[in-house]
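A closer look at the structure
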Amino acid sequence: MTQPAGHIPEEQAPTGADGMIVCDRLVRIYSGEGIEVQALQGLDLLIAEGELAALIGAAGSGKSTLINILAGLDTPTAGAAWVAGHNLGTMTAQERLAYRRSVVGFIWQQTSRNLLPYMTARQNVLLPMRLNVVGRRERRRRADFLLNTLGIAHCADRTPDRMSGGEQQRAAIATALANEPKLLLADEPTGELDSSTAQDVFSALQTANTEFGVTMLVVTHDPAVSSQVRRTIAIRDGKTSSETIRHAATDERGNTTLHAREYATLDRAGRVQLPREMTRRLRMRKRVELQEEPDHIGVWPDQAADQDRE
Ligand code: ADP
Ligand code: MG
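Below or above, wherever it landed, is the structure these notes cover. (Residues numbered from 1 in each chain as written. Chains lettered and ligands numbered in written order. Predicted model: local features only at pLDDT ≥ 70, side-chain atom pairs only at ≥ 80, totals over all residues. Heavy atoms only, no water.)

Across the 5 residues of strand β7 (residues 183-187), 5 count as buried, placing the element largely inside the fold. Burial along β7 is two-sided: the face carrying L183, L185 and D187 and the face carrying L184 and A186 are both buried. Strand direction decides the pairing type here: strand β6 (residues 104-107) and β7, joined by 4 bridges, are parallel. Looking across to β7, one finds that I107 is bridged to A186. (Buried < 20%, exposed > 50% of the residue type's maximum accessible area, 1.4 Å probe, protein only. Helix = DSSP H or I, 4+ residues; strand = E, 2+ residues; numbered from the N terminus. Pairing = 2+ DSSP bridges.)

Our focus in this paragraph is the environment of R281. Along the polypeptide, R281 turns up in helix α9 (residues 276-281). Look at R281 and you get exposed, because its relative accessible area is 63%. Separated by 22 residues in sequence, R281 and Q303 place their C-alpha atoms 15 Å apart.

As a further point, take the layout of surface pockets. Each pocket or cavity is described by its volume, and for the largest pocket that value is around 710 Å³. Around the largest pocket sit 26 residues that line it, and R100, F106, P128, T175 and A176 are the ones nearest its centre. Only α2 (93-102), β6, α3 (111-114) and α6 (165-177) provide two or more residues apiece to the lining of the largest pocket. Of the residues belonging to the lining of the largest pocket, the class tally is 16 nonpolar, 6 polar and 4 charged. (1 Å grid on protein atoms, 1.4 Å probe; cavity = no way out; pocket = protein on both sides within 12 Å on 5 of 7 lines; lining within 4 Å. Points joined across faces, edges and corners; volume = space filled by probe spheres on them. Nonpolar A, V, L, I, M, F, W, Y, C, P; charged D, E, K, R; others polar.)

When you line up the elements, R142 lands in helix α5 (residues 136-149). A polar contact of 2.9 Å, which involves the side chain of R142, links it to the backbone oxygen of A178. Leave out the neighbours within four places in its chain, and R142 touches M129, L177, A178 and E180. (Polar contact = N/O pair within 3.5 Å; in protein donor to acceptor, adjacent residues only side chain to side chain. Contact = heavy atoms within 4.5 Å.)

Let us now look at the sheet that holds strand β5 (residues 86-87). Across the sheet, 4 strands lie side by side as β2-β1-β4-β5; this open sheet has antiparallel pairing. Across the chains shown, the open sheet's two edge strands, defined by having one partner strand only, are β2 (35-47) and β5. For strand β4 (residues 78-83) and β5, the ladder comprises 2 bridges, and the chain directions are antiparallel. Bridging across to β5, W82 finds its partner in N87. Lying on the sheet, helix α1 (residues 63-70) is in contact with β1 (21-32), β2 and β4; it crosses β1 at an angle near 115°. (Axes fitted to C-alpha atoms, helices over the stretch in contact; angles between N-to-C directions.)

Structure below.
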């Protein structure tokens, strides 16, 4: 393969084998009525099997667009996305249906959207399993097991109108888990709930992650939720911009504390987005000075420009 002059070879493109979720320069453009909205602008993301990650970002930053693509409800305009090895850009309609039924589970923010109102919690959980080969007894056993594990066995015979918002969301999680998906996606699942109920729902998501090993990506506005997960990914203007990784450290007295480290996303072309708060405070604009050190790179305000001004 010939390369244009001056082309610097980039790091190799990721493939579907690199993680449970792999997004490579994902683009989604909404067009209509003469206006174009670039909801995703070359988003890169890698989530390993078994991870529980939170996705945060301002309204309109592209969170729901990303989640909908990963859920198989929408397709990318450009770039690539894989979930559990399935290429979301090239699936046929039939493959997409099977994907939605058995690879991925989805929980909406609106509690009323997740469950069928005229069915009990148990019937809701049984519904996605109706096409399965396993027998009725086994399906019912699994439905009750899921309701029990998520702490809502008492709601098995209730319709959603007789359940609290938190109980409905936990029943929605049980329904999403019915066909043993590899990935659970939740778009602000606690957005309509008060904080103690939100905690119950988040605990149910954690249970699904630890007990069933389901990989999980949760969009949340709730700092109480994002502070409890190991990895929080921030999205800004349709791209992943920074991450917070938390790890528990135990001191010599046996006290465990959670430490957080902030990271900026580095893309394959070597681009880093500096957090706006930092660049604003240091009045960094247009260009910054780099100083290479043996173990780090220093980023400085443009002093030449400052001197020119003086
Ligand atoms: P978030 O979930 O982070 O609030 P969204 O993914 O919903 O953000 O939206 C990202 C951008 O795309 C916003 O500017 C939004 O207005 C736009 N958008 C979302 N859905 C559509 C659509 N169906 N048609 C046109 N624009 C859309
Ligand atoms: Mg949204």
